[in-house]
Structure formats: C-alpha cells, structure tokens
Amino acid sequence: MPFYITTAISYVNGVPHLGHAYEAIATDAIARHMRQRGEDVFFLTGTDEHGEPVADAAHAQGLEPRALADRNAERFQALMPQLEISNDFFIRTTDPEHMERVQEVLQRVYDNGHVYKGVYEGWYCPRCADFKVENEILEGNLCPIHEIPLTREREENYFFRLSSFQERLERLFAEHPTFVMPTHHYNEARSFILSGLQDVSLSRARLTWGVTVPWDPSHVFYVWFDALLNYYTALGYARPGNDLTERYWPANYHVIGKDILKFHTVFWPAMLMAAELPVPQHVFVHGFLLGADGRKMSKSLGNVLDPFEVMDQYGTDALRFYLMRDVAWGSDGAVGMDAARTRYESELANEYGNLASRTIAMISRYRDGVVPPAGTDEVLGRDFEGLAATVARMFDRADITQALELIWQRVRRLNRYVEERAPWQLARDAESAAALDETLASLAEGVRVVSVLLHPYMPASVDKLLTALGADGLGYAGAAFGPRGSGARVTPLEPLFPKR
Ligand SMILES: [Zn+2]
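Attention in this report is confined to the structure presented alongside it. Bear in mind that the values here come from a model prediction, so they are computed numbers and not experimental data.

Reading the values: rules and limits
- Residues numbered from 1 in each chain as written.
- Predicted model: local features only at pLDDT ≥ 70, side-chain atom pairs only at ≥ 80, totals over all residues.
- Heavy atoms only, no water.
- Helix = DSSP H or I, 4+ residues; strand = E, 2+ residues; numbered from the N terminus.
- Buried < 20%, exposed > 50% of the residue type's maximum accessible area, 1.4 Å probe, protein only.
- Areas by Shrake-Rupley, 256 points an atom, 1.4 Å probe, with all protein chains shown as cover.
- Lys, Arg positive; Asp, Glu negative; His and termini not counted.
- Charge placed at Lys NZ, Arg CZ, Asp CG, Glu CD.
- 1 Å grid on protein atoms, 1.4 Å probe; cavity = no way out; pocket = protein on both sides within 12 Å on 5 of 7 lines; lining within 4 Å.
- Points joined across faces, edges and corners; volume = space filled by probe spheres on them.
- Nonpolar A, V, L, I, M, F, W, Y, C, P; charged D, E, K, R; others polar.
- Phe/Tyr/Trp six-rings, centres within 6.5 Å; stacked < 30°, edge-to-face > 60°.
- Lys NZ or Arg CZ within 6 Å of the ring centre and 35° of its normal.
- Core = buried A, V, L, I, M, F, W, Y, C linked by side-chain atoms within 4.5 Å.
- Contact = heavy atoms within 4.5 Å.
- Salt bridge = Lys/Arg side-chain N within 4 Å of Asp/Glu carboxyl O.

1. Points about the overall build of the protein
Broken down by element type, the protein carries 19 helices and 15 strands. Taking all 500 residues of the protein together, the buried fraction comes to 57%. Approximately 20,600 Å² of the protein is accessible, and the part contributed by carbon and sulfur atoms is 49%. Computing the positive centroid from 49 side-chain charges and the negative centroid from 67, the protein places the two 3 Å apart.

2. Some thoughts on empty space enclosed by the protein
Any empty space left between atoms is shown by rolling a water-sized probe over those atoms. Under the criterion given, the structure shown has two cavities of 30 Å³ or more. Volume-wise, the largest cavity comes out at about 40 Å³. For the largest cavity, the full set of lining residues is Gly51, Glu52, Tyr124, Ala129, Arg204, Leu207, Phe221, Tyr222 and Val223. By residue class, the composition of the lining of the largest cavity is six nonpolar, one polar and two charged. Of the pockets and cavities examined, the second largest cavity occupies roughly 30 Å³. Forming the boundary of the second largest cavity are Tyr314, Ala318, Phe321, Tyr322, Ala340, Arg343, Tyr344 and Leu348. Elements with a minimum of two residues in the lining of the second largest cavity: helix 12 (316-326) and helix 13 (337-367). Per element, the largest residue contribution to the lining of the second largest cavity is four residues, and it comes from helix 13. Along the lines of polarity and charge, the residues of the lining of the second largest cavity split into seven nonpolar, no polar and one charged.

3. Examining the packing of aromatic side chains
Two numbers describe a pair of aromatic rings. These are the distance of the centres and the angle of the planes. In total, this model carries 31 aromatic pairs according to the counting rule given. When the centroid spacing of 4.5 Å and the interplanar angle of 80° are considered together, the rings of Tyr253 and Phe284 count as edge-to-face. Here the residue Tyr253 occupies a position in strand 12 (residues 253-257), and Phe284 occupies one in strand 13 (residues 282-286), the gap between them amounting to 31 residues. Exposure remark for Tyr253: the relative accessible area of 4% places this residue in the buried category. Taking the relative accessible area as the measure of exposure, Phe284 reaches 1% and is therefore buried. When the ring of Phe321 is compared with that of Trp408, the centres are 4.9 Å apart and the planes differ by 45°; the resulting orientation is tilted. Taken as a pair, Phe321 in helix 12 and Trp408 in helix 16 (residues 400-421) lie far apart in primary sequence, 87 residues in all. Take Phe321: its relative accessible area is 0%, and that puts it in the buried class. With a relative accessible area of 0%, Trp408 lands in the buried category. In textbook terms, an aromatic cluster arises when at least three aromatic residues are bridged by ring pairs, as seen for Tyr4, Phe42, Tyr231, Tyr232, Tyr248, Trp249 and Trp268. One residue, Lys262, lies across the ring of Phe263, its end atom 5.6 Å from the ring centre. The ring of Tyr366 carries Arg365 above its face, with NZ or CZ at 5.6 Å from the centroid.

4. Some points on the layout of surface pockets
In this structure, the second largest pocket spans a volume of roughly 350 Å³. For the lining of the second largest pocket, the residue count by class is nine nonpolar, five polar and five charged.

5. A closer look at the nonpolar core
Ranked by internal contacts, the top residues of the largest apolar core, which has 177 residues, are Phe160, Leu169, Trp249, Leu323, Tyr352, Leu454 and Tyr457. Top element by residues in this core is helix 13. It accounts for 12 residues. The residues touching Leu169, leaving out its near neighbours within four places in the chain, are Leu162, Ile193, Leu197, Val266, Pro269, Ala270 and Met273. Counting six residues, the second-largest nonpolar core is a separate cluster that includes Trp123, Cys125, Cys128 and Ile137.

6. Description of the pattern of salt bridges
A complete count under the given rule lists 32 salt bridges for this structure. When the shortest N-O distance is used, the salt bridge between Arg343 and Glu347 registers 3.0 Å. One end of the pair, Arg343, and the other, Glu347, are both in helix 13, four residues apart, so they sit about a helical turn from each other. The partly exposed category is assigned to Arg343, whose relative accessible area is 21%. Assessed through its relative accessible area of 5%, Glu347 is described here as buried. Through salt bridges that share partners, Arg325, Asp326, Arg343, Glu347, Glu351, Glu405 and Arg412 make up one connected network.

This is the structure:
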C-alpha cells in the first residue's frame, strides 16, 4: 500500500537545532518501520524559504533573501544523512516547480470563489509571520510563542474564506477522531474551530520574497499557504517524468510540532477542500524538547542540548535512541547531556551492546561460530508472542516511545535468559550439549528479533549486528520469534556502543 509521510519543512531564517533533528528522527523511524512492513513508502522533508522573516534576516546580514535561503537550506539538507534520515526527497519552496504548482492550486481556489479582496488590520508577529487573534495575545501585546512585541499592521490583502468551511471542518473532526493525534491536540484544534472561524489573509502586498499571486502580480502569497502546499506539490516533481500525486496523495501522516497545529489542522484541510483535493489522514503532533532543568531551551540559560555534540561523543544511533526513548512522543520532555550519557552507558552499552557481544562470542567459542540448527526455548518464545503485532499497532498510532519500551523489555529478558541458562556452565558438560544448542539458538533468535524491531530507531547499529549474526533481511515477517534452524555463521563484532 502507498504510504506517504512528511515532516514539517524547516524555516531557513535559522540553522538546524535539536528540534529539527527530533522531528526528522521520529518521522524517519515511522517511515523505516512502514518499509519493513512492505508498504510503498514516500517520505518527504525540506525547507520553507519565503516570507518576511527570511527577507528580514537576510537584510539584517546584508544578504539577498535567496542567498540566505541557499546557505541555510544546504545546512538542513546536509543534516539528513548525518542523522541517517531516509527521506525520499528534499523539497525547497524556492524550487520553480513548487512555485508553479502553488500558483495552479491557489488559482483554482480563487476560481472556485473562495478568495476576496479586503483590508486587514491586526496584531502581527514578524517571527511567526502570522497575525494573532485577540484571545491568543499575551499581556503587553506579546506573541504567545516568541514573547516579542507584536506590530499593528494594516494592509490590503486577498482573503481566504476560511469561515465558509466551518461546517465541513466540524464534520471532518466529528467523523475522523484520529485526524489529529494525540487526543489532547485533537481537542485543542477542534475547540479552535468550534470557537468560530475567521477568514485569513492569503496574500501580502508589501512583500516581494514569495510566490506571485497569478491574478494580481502586485501580491505574493502569504508564506504559510505557499509552505503548506509543499506536501502536495513535491509529489509532482520529486521524480522527473513521473508524477507521484495519484500514487501517494493524500498523505497518511503529517508529523508536526505543536506550535504549528492551527495551520495544519484548520487552515490546511480547508485549503485542500477549497481546491477540491482530499485531506490528509492523520496529523501527528509532537511536544517540545526542554532543557534538563525543564525550562525552555535558551542560550542564556545554558540549557541547550546540541545534537552534534551528542553525535560526536556517542554516535548518531545513540542520539536517535536517546530522543525516542527519553521523551514520551506527543509530550514535552526535558533532555540533557547527562541523561544522554546515562542511557548510552546503562542501556545501549550494558544491555543491548553487551547482549550482542556475548551472544556472538559464545557462539564463536562453543560452536565454532555456527548458530546451532536447534529448536528455540518455548518458555522464552512465549515472552515474544504477539510482540511484532503490538509494536506495529503502536506505530500506527505513532506511539514510538511506548513501542521502544516494549522492545526494550525483551532486550532485558534476553539478558536475564543468559544468566538463567549460564551457557558457560552448560559448555563444561558434554551431556548438556543439546541444552547449550537450544540456549545459543534461542539467544541468536532473540537478538535477531529485537534487532529487526529496533531498526527504525538505530538503523546503522542494527545493520552491523544483523550482519555479524549472519541474519539478513529487515522484513517485518522476520520480527516473529521462532526456530530458524539456519546454521548461520556469525562473524566477530566490534563493540556497538564502546565505553566513552
Ligand atoms: Zn511569534
């Protein structure tokens, strides 16, 4: 089945930080899991490059907006392979193919009668590139997200008749209780709709850094509509000569941060309805990463976790594992270097890494490097029953933290199994040969199963380990525990997570 998943696109007025890495890693984990299940996955990420904040940031540095966008887009693009992100395409909203398709879609919205010209006056946050409604403004006219002063803006704009989609959006939410997940964000979006929708600006007149409005070239589209459309436009040109729109639209999952909830769960589906396009199936909303002190990360508080520092010290897989493990998906969570070190040492090195080394070392020592073609322990097998199916169900709801916990319980179970069976004692007694065969076969099988399931979280380490185990294939059918009787040959494995 086609499966289309996206991250939000990163705004190029800044450079990559932990929040970008977090969203890309989580989305990548879901994409990898779905590929294991045999789905026909397309995974999109990219950069959002138009609008006033980019123009302002560029001018402040004495640059043209395009130059700043090029420079920062390159950094975001370079981050993807560093994080082992398996995206199928990287869109830039300055791609001419994107810009043309934005014009086509919004022209259709205009032709369908959903746009009119009016005057907008309101409180505007230049960092959000968004007007704020009265009830969300903080005391002293501050942006609720950036806590900076809002400016009073008045200009002639084209408006999108969002208000006329009130009823259809209410119906969308009533009929699709998983349209937004987790539930508390569904409720938040729904109550925003129920409080009554106002029309929204679709264009800016004073700005030139954007996609030109085709029916009035003195305007550019408001950056948010240009940006949201990336999810749709990318499919048209990601594979030259092969339009993927029919195959993948609508998206199965949009993964976003909670600060852009309103755009993705209210404006975006309404815009698609106005263009007579199907709306996405699910919007998954994640929380914010906080400093180790539980406060918002900021340079001045000195509580910023630098993803590059974690990667330099512990490796990419350790960063991926740590973020997916320590912060419950969908909630805010505190992160820091100390906690990352603890997870690395106690879980990756001592539990998983050690289990892997011991298993391979014992097979080498006691059975000349060949996994005994014996049956597996039935009692141990019972602890793996239904695991793959449960993990799959959790991924369907993007419960990636909980899925990881379930898998990790089996890593611990396997370490206990080593202690219970004490293969080094069985090896001393020729009469225990069959028991030793079963123990080693069960261990190899257990390690293989947890590794197949851990692939979305730690692709590079799992790859090394499966190769050393002589086990190939990441397919989800292989996530079931059972006797393989393969007689696979193991090869030496460098410590996956060496002591630092
Ligand atoms: Zn703001």
